[in-house]
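# Examining the three-dimensional arrangement
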Amino acid sequence: MEPAQRDGRAVALVALATTVGALLLALGFEDGSTRGLQGLPTHTPEPVSAPTPDVTPTPEPIPTEEPQPSLAPASTVRVLVANATDVAGAAAVAADTLIATFGYNALPPANTTTEPNVLPSAVYHGPDHAGDARQIAELLGISTDAIGPMPTDPPVADLADADVLVVLGPDLVIEAPE
């Protein structure tokens, strides 16, 4: 037998097998059953309908953080910068920066009542000054995670009616010019 005849017969056999397989599949399901191989039941998924729109109004989410009140003009915000490091003059440099660059009403700088290098940098705020505290923290490079309400026992001898207390810790040392 010649190669061309063998190739033609192979193609014809494949075509015949495909046709017979398709015919057997079609006849096997002619009764409308959902039986699969060897008579085992198959899973027929239920039709999925589109979800019905919810007509109940969605309640407003309850805020989990303290709302940030609007910022007061910088010149009206009294800021006390307290040095919690052993770097002399660090609080004065930060206070001067807040006054000269950003226009805040910086009070005379102070030292904390704790041992140096114990407290991390933090910004505390009085009532209605959370937004100001956030802005001051961002301006000085203090993490916003270190912002909180004014403690009942602040780490300074005299809060001097400050709206915002900035504690400069060893993690944010501002060197005083020599």
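Analysis parameters
Residues numbered from 1 in each chain as written. Predicted model: local features only at pLDDT ≥ 70, side-chain atom pairs only at ≥ 80, totals over all residues. Heavy atoms only, no water. Helix = DSSP H or I, 4+ residues; strand = E, 2+ residues; numbered from the N terminus. Buried < 20%, exposed > 50% of the residue type's maximum accessible area, 1.4 Å probe, protein only. Contact = heavy atoms within 4.5 Å. Pairing = 2+ DSSP bridges. pLDDT = per-residue confidence, 0-100. Core = buried A, V, L, I, M, F, W, Y, C linked by side-chain atoms within 4.5 Å. Salt bridge = Lys/Arg side-chain N within 4 Å of Asp/Glu carboxyl O.

Further remarks concern the overall build of the protein. A tally of helices and strands in the protein yields three helices and six strands. Listing every helix and strand of the protein by position from the N terminus yields α-β-α-β-β-β-α-β-β. Relative to its 178 residues, the protein shows a buried fraction of 28%. Partitioning the contacts of the protein with sequence separation of at least 6, the portion at a separation of at least 24 is 77%.

Quick look at the pairing of strand β6 (residues 164-168) now. Here β6 lies mainly inside the structure; five of its five residues are buried. Sheet analysis places strand β1 (residues 78-83) next to β6, joined by five bridges and oriented parallel. Counterpart to Asn-83 in the pairing with β6 is Leu-168.

Phi is mostly negative for residues that are not glycine, and the peptide bonds are mostly trans. One non-glycine residue, Asp-128, lies in positive phi territory at about 65°. Classification of Asp-128 by relative accessible area gives exposed; the value is 62%. Unlike most non-glycine residues, Asp-161 shows phi in positive territory, near 55°.

Attention shifts here to helix α2 (residues 90-100). All of the buried residues along α2 are Ala-90, Ala-91, Val-93, Ala-94, Ala-95 and Leu-98. Those residues of α2 that are buried are in contact with β1, β2 (105-106), β3 (110-111), α3 (130-140) and β6.

Per-residue confidence for the protein gives a mean pLDDT of 76; residues scoring 70 or more make up 57%. pLDDT under 50 marks residues 34-38. Its contacts with residues more than four places away, or in other chains, come to nine contacts.

Ala-130, Gly-131, Asp-132, Ala-133, Ile-136, Ala-137 and Leu-140 are the residues of α3 that are buried. On the buried face of α3, the contacting elements are β1, α2, β4 (122-125), β5 (147-149) and β6.

Let us look at the nonpolar core. Core analysis: the largest hydrophobic core is formed by 23 residues, its most contacted members being Val-79, Val-81, Ile-136, Ile-142, Val-164 and Val-166. Residue assignment for this core shows that the elements contributing at least two residues are β1, α2, β4, α3 and β6. Take this core: its biggest share by element is five residues, from α2. Setting aside its immediate chain neighbours within four residues, Val-164 contacts Val-77, Arg-78, Val-79, Leu-80, Val-123, Tyr-124, His-125, His-129, Asp-132, Ala-133, Ile-136 and Met-150. Among the nonpolar cores identified, the runner-up in size contains nine residues, and Leu-80, Met-150, Val-156 and Leu-165 belong to it.

Our next topic: the pattern of salt bridges. Following the criterion strictly, the structure yields one salt bridge and no others. The partner of Asp-163 in a salt bridge is Arg-78, with the nearest N and O atoms 3.0 Å apart. Taken as a pair, Asp-163 in the loop between β5 and β6 and Arg-78 in strand β1 lie far apart in primary sequence, 85 residues in all.

This next bit is on the pairing of β1. By the criterion of burial, β1 is predominantly enclosed, with five of the six residues buried. By the bridge criterion, two bridges tie β1 to β2 in an arrangement that is parallel. By the bridge assignment for β2, Val-79 is matched with Ala-106. Judged from the two bridges that link them, β1 and β3 form a sheet pairing that is parallel. Within the sheet, the bridge partner assigned to Asn-83 lies in β3 and is Asn-111.

Tracing the sequence through the fold places Asn-105 in strand β2. Overall, Asn-105 belongs to the partly exposed group, its relative accessible area being 32%. The sequence separation of Asn-105 and Ala-74 amounts to 31 residues, and the corresponding C-alpha distance is 7.0 Å. The residues touching Asn-105, leaving out its near neighbours within four places in the chain, are Ala-74, Ser-75, Val-77, Arg-78 and Val-79.

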